[in-house]
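# Descriptive analysis of the structure
For reference, the chains in residue letters:
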Amino acid sequence: MMTDQEQHELSRLILELVDGYISDERLELLDRRLMESNEAMTFYCDHMKNAALLKRRIQLYLASANPCQDTRVWKALAISEKTAPGITLKRTKHHSDRFSDVVSDSTAKTSHISKLFLYSAILSTAAFMLILTYLNYWAPPATQSVATLVDSVDVRWALPSEAFNVGSRLKNRFHVLRLAEGVVKVAFDYGAEVIIEGPAEFEPESAEKMILHSGRVFARVPGYARGFTIQTPYSTVVDLGTEFGVYVAADRTAEVHMFQGKAMLVAGTAGASSRHQEIKAGQSRAVLQSGQIREIPTQENAFIREIVSQSGVLWRGEHIDLADVLGGGRGFGDGLRNYSINPDTGQWQEGFHRREGLSATAQCSYVVVEELSLIDGVFVPDGRRSPVVVSSRGDVFEECPATDGRYYWNISNGFYIHEGHYRQTLGDVRYGTEDHPAISMHANSGITFDLDRMREELPAFELTAFRSLCGRTSINPVLETDEPVDFYVLVDGQVRFHFENVTTQDDPRLVNVSLSDDDRFLTLVILSRTKLNSRRGLFALPEIVIDPRD
Amino acid sequence: MDFRDSQRPVSRHELFFKLYGNCQNRLYVFLYMMVHNENDAEDLLQETVTSLWERFDKFRPDSNFTAWAMTIARRKAINFLKKNARSRPHLSDGFYQQIADLEIEEDDLSERAEALKHCLQRLREIDRRLLLMRYERNISMVKIAEIFGRSTNGIYHTMSRIHSVLQQCIHRLLTTGHSG
């Protein structure tokens, strides 16, 4: 009889075999053991039976909730579906709605749930019921905690008895929770996180499932929590490792917007004729009460995807707009356009402001901007007066070329438009507007952003890159000559991007500077190596790319 | 209810899925033992059910559907193993022959599932969690090791121990009626 140690070792070999990580020597050892001992062979068979039963438990559980979710069985049978008659639903046209197309055609992407499938799902489910009964130890007991409220912003619950705080455990089979206002972040025990926007009505059903009766929910599901499910009155979304948003309207119809990965959308109530689709990133669907699925445009910013209660940030997938930061905002649209900073004094003020005493050179020393926490400081670069300090820490722009140490205009969010004189355009697009924000800079000036401050405000995020377009704005040929300027992007004083001798004839260039957690200061510079004229440049759509940390 | 007792006519579809539903757990377990890989077993089960349906016209209602299904599954597994012998861990032909000759009974699986349920409850919470991650969540051992901040070798060691304990418990329960 095998000893405990021998059984342990045999288990280890089998696990390595199953994972495909077994070496040739150990494969040979396993083979020898199995072939020389009936007991070892029996052990192998039992081990594999146990693993198979453990493996299939979740599929059975899903199948019991809704036969249509047993996707493995469905997939297997769909192959032979070609020969089976489908149940065709009529295509309905809506005249003035936002739906771009009706997706209920019998295309390869959209499968009908045929009679064959229905029989398959129902009967195969029935056949599983015996084992399911045996495995009901995993079914959640009558009431148990299945999720935790981990963050909230400006929350008001409809009932005082539901006044959950951060850290509160949420139970299943309790009753419908009504979030009247605000936003909560809930972490389910199996790993999925959801952001729920009030007003919303929802129930945590289990550690891997919630029911959304109304409102908006964004779900982020790591790979190991795959299978997380959101059920709505007329549909069910089964995650396949992804990020998605679900909106249930007052009439109980639903929208599903996929942002990453993919999910299975099952339309219709359990037991009714249903249809399903796999939805991939960038795709969105609406499910009507009739069970029809329709394609709709993806709304990138329709869902709050992350919240930071300390700073009150509600993140909808945007990145940090540095023009907005220059306008006194946090980078998410709360800043003021038409505000500017004097690069000589660091003063932040409304309006654009041309420099007084144009002929005089500037101080050319680094000036801290006191009013704006995310901006470290500004300066007028001139390589003749080294060192050119570009941060409050003393980082130096070693390669800074010589300039005449003068500038004309403040560094601004937006742009002073004097029709007929200047046009804030790159290519055909006019920047410095609400839809196309830009930082307008005149040679010679520089501005430094404090990345660590941004991290402090957004502790749940990683700053991964700085992205922008840069180029010369158009000029008035009567008043100006097309003298070139240089663009620089520095990180902690080190040049990470440069675009030199740029005139209005040059196409704008994309800046993409990757950032790491060690990077502290980001500096944007425009300078001219020749005598000063009116030389403007733009950092258009300037943004710090952020991603939620894992 | 046995569909043969029903007075209403039974469609070909219903008949197929009833018969298939009765044996698909056995088919999966058999394929998993043969090819010792979850994804490959799933793929082969898919191929098997497709073949069964395509040939269902030739199936005689009075013959043994499970035996017929197992024959097809066996053939598919053997072909798969031959075709992929060099690209995946391959044991000796004698081993696969022994597995191919096995009979897997539904009762055996049902009793094992019952014992498994009982024995899982006797495991430590952390051990149950590990099994759940590996088998329900399909997380690789390497990833599990990362999550727990342990070495891959250590996680293999732990998982081997859990399997051994589980198997001993199931064996005791099935043979003596007590888990010890």
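Anything mentioned here points back to the structure above.
Let us look at the structure shown here. (Residues numbered from 1 in each chain as written. Chains lettered and ligands numbered in written order. Predicted model: local features only at pLDDT ≥ 70, side-chain atom pairs only at ≥ 80, totals over all residues. Heavy atoms only, no water.)

### Focus: the environment of S51 of chain B
Residues and elements named next belong to chain B. As for its position among the elements, S51 is in helix 2 (residues 38-54). Between the C-alpha atom of S51 and that of A73, which follows or precedes it by 22 residues, the distance is 9.3 Å. Apart from residues no more than four positions distant in its own chain, S51 is found in contact with I72 and K76. (Helix = DSSP H or I, 4+ residues; strand = E, 2+ residues; numbered from the N terminus. Contact = heavy atoms within 4.5 Å.)

### A word on a nonpolar patch on the surface
Residue and element names in this part refer to chain B. Side chains of I126, I147 and F148 sit close together on the surface and give an oily, nonpolar patch of about 230 Å² of accessible area. With respect to the helices and strands, I147 occurs in helix 7 (residues 141-148). Residue I147 is classed as partly exposed on the basis of its relative accessible area of 41%. (Patch = residues over 30% accessible without salt bridge, like charges linked within 9 Å, V, L, I, M, F, W, Y side chains within 5 Å. Areas by Shrake-Rupley, 256 points an atom, 1.4 Å probe, with all protein chains shown as cover. Salt bridge = Lys/Arg side-chain N within 4 Å of Asp/Glu carboxyl O. Buried < 20%, exposed > 50% of the residue type's maximum accessible area, 1.4 Å probe, protein only.)

### Observations regarding the pattern of salt bridges
Residues and elements named next belong to chain A. Tallied over the entire structure, the rule returns 33 salt bridges over all chains. When the shortest N-O distance is used, the salt bridge between E193 and K185 registers 3.6 Å. Residue K185 is classed as buried on the basis of its relative accessible area of 12%. Residues joined in a network through salt bridges with shared partners are K185, E193, R220, E243 and E306.

### Comments concerning the sheet that holds strand 24 (residues 445-450) of chain A
Residue and element names in this part refer to chain A. Here we have 6 strands laid out as an open sheet, ordered 18-19-24-29-26-27, and antiparallel in their pairing. Edge positions in the open sheet fall to strand 18 (367-368) and strand 27 (494-502), since each of these has one partner strand only. Pairing geometry for strand 18 and strand 19 (residues 375-379), over 2 bridges, is antiparallel. By the bridge assignment for strand 19, V367 is matched with V378. (Pairing = 2+ DSSP bridges.)

### Considerations on unusual backbone geometry
All names here are of chain A. Along the chain, G198 connects to P199 via a cis peptide bond; the corresponding omega equals 0 degrees. Looking at the element boundaries, P199 is found in strand 5 (residues 193-206). Phi at D154 is positive, roughly 50 degrees, even though this residue is not glycine. Locating D154 in the fold gives a position in strand 2 (residues 145-157). Judged by its relative accessible area of 66%, D154 is exposed. The backbone of N338 sits at a positive phi, close to 65 degrees, despite the residue not being glycine. Note that N338 resides in the loop between helix 6 (322-326) and strand 16 (339-341). Exposure remark for N338: the relative accessible area of 33% places this residue in the partly exposed category.

### Thoughts on the packing of helix 5 (residues 106-122) of chain B against helix 8 (residues 152-176) of chain B
Residues and elements named next belong to chain B. Closest axis-to-axis distance for the helix 5/helix 8 pair is 9 Å, and the angle between their directions is 125 degrees. Of the possible angle classes, the one that applies to helix 5 and helix 8 is oblique. The way helix 5 lies across helix 8 gives a crossing that is right-handed. Taken together, the residues of helix 8 that come into contact with helix 5 (itself represented by E111, R112, A115, L116, H118, C119, L120 and R122) are L166, C169, I170, L173 and L174. For the contact of helix 5 with helix 8, a count of residues per class yields 9 nonpolar, 1 polar and 3 charged. (Axes fitted to C-alpha atoms, helices over the stretch in contact; angles between N-to-C directions. Parallel < 35°, antiparallel > 145°, perpendicular 65-115°, else oblique. Left-handed = near helix turned anticlockwise from the far one by under 90°. Nonpolar A, V, L, I, M, F, W, Y, C, P; charged D, E, K, R; others polar.)

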